[in-house]
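# Fold and geometry: a report
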Amino acid sequence: MSSKRRQRDAETQGRGKKKEKREEPAEMSRLLQDAGVKGGLRAAWSGGQRFTHEGGVELDTHPFPHCVLNNFLQSQTFLQELQRELLELNFHQKSNDLYKFQQSDDLKTKRESHIAALRSVLFQRFRSWLSEVLQLELEDTVDISCAKYEYTDVLLCHDDELEGRRIAFILYLVPPWEQSDGGTLDLYSTDKNYQPEKIVKSLVPSWNTLVFFEVSPVSFHQVSEVISEDKCRLSVSGWFHGRSLERPPRYTEPTLPRSPHRPHEEQLLYDWINPVYLDMAYQAQVQEEFEESSEILLKNFLQPEKFKMVNDALRETDIEWVRRGPPNKRCYGQAEEAGLPQCVRECWELLSSEPFFLLLSNFTGLKLHFLASGSEEEEEEEKEKEEEEEGETVGVSKATASTHGNPPGENAMEPSVPLCLGELRRWGHGDYTVVHDTDLHNAEFALDLLFYCGCEDWQPESGGFTSYIANGEDEELLTINPENNALGLVYRDKETLKFVKHINHHSAGRPESHTPANVFYSFSFVYYE
């Protein structure tokens, strides 16, 4: 029996040995070790020239230095196992003003064998190869994670600049991919102020292709929206660290002009606005609710016939819409007041009129008109504050301190005049705004007004909603969805930022009866006390 047992043990051990699986090593393409390829890349990179090799290497310096390496890793078996390990990771949904996609945890801590092998190739051999070819001193620090972009996912225009980032890289593990699937890596040209202008090159993802580019003040790029409903754009990406390039002073856009209210008869309100909102008791109720939460949505705000007139004119009239950029901050159509149809101009005039300023004061409790009523306690506090300022301040008027960046006129001792600025915007597929740190309008207390047209049956999944967030946070404080004839009012402080979420491909699926199907309009006004 013992001999039979030994025989069975031997057979079992033999079978066990057969099941042992030898892992495929991760090796870079042999072409990258070719002296002619490395020399050609080095000369082209340092000289700002183009270099290509038929084996699948392309370097270009327009609009900024970037390189495409096809067939980056040698083994297809390794790549397939790597893809499997990556797809089995836990992914987290990432969504804010700039992007929407799924991201893994930091791959530096993952122990899966193929992920660890890829890490070794990138952190050691490829980093050494980059240092030699680009003549750069790269640090040991490397950021690395995995991203999944699926239907309607996007990463909008940005430059990747962050202290220490020197070279960005992306390794694609995608199925056969076409430009019509979206998800391209789009590269932007820049203007004299180092601001992005337009897309001048689009790189289509492909299996086992690695793209790297220099992180600089002009390295503006985006991942275009994925349009394919059944493909996953899987990639491993990150940054090699080194000494950052010198950055010029950040460009600050000139502030838009603000205007005081326009004189007008009170009858204008009765001609345009739903009578329920002109009732003083109801206005007090609105103010109580607004003061509770600093925001309110007033539905059916305009009289039905007036709203229909404006709504139809926006859709049926040939209005000239100018694209507003730059794309790292915003993308939408804007109309000039002077070129609008008569009824649309009248609606604009309503929102900027003196009676409307007073109505907003009654809705919100803000002092947007000299007739705006305040509580006795508030008036007493204001009086004490003014007396204190007069006693402590020499040669600086109250108006100078509170004109929100507008220089005082000859009557500098008079109280500051409430002001507003307004836009009529058209929103369609691909439009958005992005939070940015050079927006001077966000550095003040202000009342935002949003009034929507042309958005029947608009679905939140299409984007286009206005989101308010706390400075430095992604969590939403408030969301306003487009809704016909609804007036949104939001009072924000200096630490509250806003953006309009990217309008995605879902918007094209609206009923054909709507013309055009994926477009709506908004009056966007900001009021300053």
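Starting from 1, residues in each chain are numbered consecutively following that chain's sequence as written. Only residues with pLDDT of at least 70 get local features here, since the model is predicted, and only at 80 or more are side-chain atom pairs given and counted; chain-wide, interface and lining totals rely on the full set of residues. Excluded from the side-chain calculations are hydrogens and water; all other atoms, namely the structure's heavy atoms, are used.

## Some words on helix H9 (residues 354-364)
With nine of its 11 residues buried, H9 lies for the most part within the structure. For H9, the full list of buried residues reads Pro355, Phe356, Phe357, Leu359, Leu360, Ser361, Asn362, Phe363 and Thr364. Numbering goes from the N terminus for both helices and strands, where a helix is a DSSP run of H or I of at least four residues and a strand is a run of E of at least two. The first or second residue beyond H9 is glycine 365, which carries a positive phi of 85 degrees. Partly exposed describes any residue whose relative accessible area lies between the buried limit of under 20% and the exposed limit of over 50%, with all areas from a 1.4 Å probe on protein chains only and scaled to the type maximum.

## Examining the sheet that holds strand E24 (residues 496-500)
Whether two strands pair comes down to DSSP finding at least two bridges between them. As summarised here, the arrangement of the three strands in space is E22-E21-E24, forming an open sheet in which the pairing is antiparallel. Among the strands making up the open sheet, the edge pair consists of strand E22 (476-480) and E24. On average, each strand axis in the sheet is tilted by 20 degrees relative to the strand beside it, whichever way the strands run. Direction of pairing for strand E21 (residues 466-470) relative to E22: antiparallel, over a ladder of four bridges. Bridge assignment links isoleucine 469 to a residue of E22, and that residue is glutamate 476. In this description, a line fitted to the C-alpha atoms serves as the axis of each element, helices being fitted only across the stretch in contact, and the angle between N-to-C directions of two axes falls anywhere from 0 to 180 degrees.

## Describing the side chain of histidine 221
Topologically, histidine 221 is positioned in strand E12 (residues 221-223). Residue classification places histidine 221 among the buried positions, given a relative accessible area of 4%. Whenever two N or O atoms come within 3.5 Å, that pair is a polar contact, provided that in protein one can donate a hydrogen and the other can accept it, and provided that, for residues adjacent in sequence, both atoms are side-chain atoms. Separated by 2.8 Å, the side chain of histidine 221 and the backbone oxygen of serine 219 make a polar contact. Note on definitions: a residue-residue contact is assigned when non-hydrogen atoms from the two residues lie within 4.5 Å. Those residues within four positions of histidine 221 in sequence are excluded, and the remaining contacts are Phe64, Leu156, Cys157, His158, Asp159, Asp160, Leu185, Asp186, Leu187, Tyr188 and Phe213.

## With respect to a negative patch on the surface
On the surface, Glu288, Glu289, Glu291 and Glu292 cluster together into a patch of negative charge. Residue position: glutamate 288 is located in helix H6 (residues 280-293). Patch membership requires more than 30% relative accessible area and the absence of a salt bridge. Residues of like charge join within 9 Å; the nonpolar side chains Val, Leu, Ile, Met, Phe, Trp and Tyr join within 5 Å. Areas reported as accessible are Shrake-Rupley estimates using a 1.4 Å probe. Residue values count occlusion only from the protein chains shown. Between Lys or Arg on one side and Asp or Glu on the other, a salt bridge is scored when a side-chain nitrogen of the former is within 4 Å of a carboxyl oxygen of the latter. In summary, the charge assignment counts Lys and Arg as positive and Asp and Glu as negative, without counting His or the chain termini. Charged groups are reduced to one reference atom each: NZ for lysine, CZ for arginine, CG for aspartic acid, CD for glutamic acid.

## Some details on helix H7 (residues 304-316)
Helices are assigned an expected span. That span is 1.5 Å times one less than the residue count. Over its 13 residues, H7 extends 18 Å from the first C-alpha to the last, a length consistent with the 18 Å expected when each residue adds 1.5 Å. Contacts made by the buried residues of H7 are with helix H5 (267-272), helix H8 (342-351), strand E18 (419-427), strand E20 (446-453) and strand E25 (520-528).

## Concerning the packing of helix H2 (residues 35-47) against helix H4 (residues 113-134)
Here H2 crosses H4 at 55 degrees, and the two axes come no closer than 8 Å. Compared by their axis directions, H2 and H4 come out oblique. Judged by residue contacts, Lys38, Leu41, Arg42 and Trp45 of H2 engage Trp129, Glu132, Val133 and Leu134 from H4. Residues are grouped as follows: nonpolar covers Ala, Val, Leu, Ile, Met, Phe, Trp, Tyr, Cys and Pro; charged covers Asp, Glu, Lys and Arg; every other residue, Gly included, is treated as polar. The residue inventory of the contact of H2 with H4, partitioned by class, reads five nonpolar, no polar and three charged. Oblique is the label for every angle not falling under 35 degrees (roughly parallel), over 145 degrees (roughly antiparallel), or within 65 to 115 degrees (roughly perpendicular).

## Here we look at the confidence of the model for the protein chain
The score called pLDDT rates the predictor's confidence residue by residue, from a low of 0 to a high of 100. Across the protein chain, pLDDT averages 88, with 84% of residues at or above 70. A low-confidence stretch, residues 1-8 stays under pLDDT 50, and its non-local contacts, those more than four residues away or across chains, total zero contacts. Scored below 50 in pLDDT, residues 511-516 makes five contacts in the model with residues more than four places away or belonging to other chains.

## Comments concerning the packing of aromatic side chains
Ring pairs are drawn from Phe, Tyr and Trp, using the six-membered ring of Trp, whenever the two centres fall within 6.5 Å, and their geometry is named by plane angle: stacked under 30 degrees, edge-to-face over 60, tilted for the rest. Counted under the stated rule, the structure contains 25 aromatic pairs. Ring geometry for phenylalanine 126 versus phenylalanine 212: centroids 6.2 Å apart, planes at 70 degrees, classification edge-to-face. In this pair, phenylalanine 126 sits in helix H4 while phenylalanine 212 sits in strand E11 (residues 209-214), placing the two residues 86 residues apart along the sequence. For the pair formed by phenylalanine 126 and phenylalanine 212, the shared burial category is buried. Aromatic pair phenylalanine 451 and phenylalanine 523: ring centres 6.3 Å apart, planes at 45 degrees, arrangement tilted. Taken together, the positions of phenylalanine 451 in strand E20 and phenylalanine 523 in strand E25 put the pair 72 residues apart, joining distant regions of the chain. As far as burial versus exposure is concerned, phenylalanine 451 and phenylalanine 523 are alike and both buried. In this structure an aromatic cluster arises from ring pairing among Trp45, Phe72, Phe126, Trp129, Phe169, Phe212 and Phe240. Over the aromatic face of tyrosine 149 sits the side chain of arginine 233, whose NZ or CZ is 5.1 Å from the ring centroid. Geometrically, a lysine NZ or arginine CZ counts as sitting over a ring once it is within 6 Å of the ring centre and also within 35 degrees of the ring normal.

## A short note on the environment of alanine 43
With respect to the helices, strands and loops of the structure, alanine 43 is situated in helix H2. Note on alanine 43: relative accessible area 44%, which makes it partly exposed. A C-alpha to C-alpha distance of 8.6 Å links alanine 43 and valine 133, two positions 90 residues apart in sequence.

## A closer look at the pairing of strand E15 (residues 295-298)
Judged by which residues are buried, E15 turns out to be one-sided: Ile296 and Leu298 face inward and are buried, whereas Glu295 and Leu297, on the alternate face, are not. Pairing between E15 and strand E23 (residues 487-492): four bridges, direction antiparallel. Note that in E23 the partner of leucine 297 across the bridge is glycine 488.

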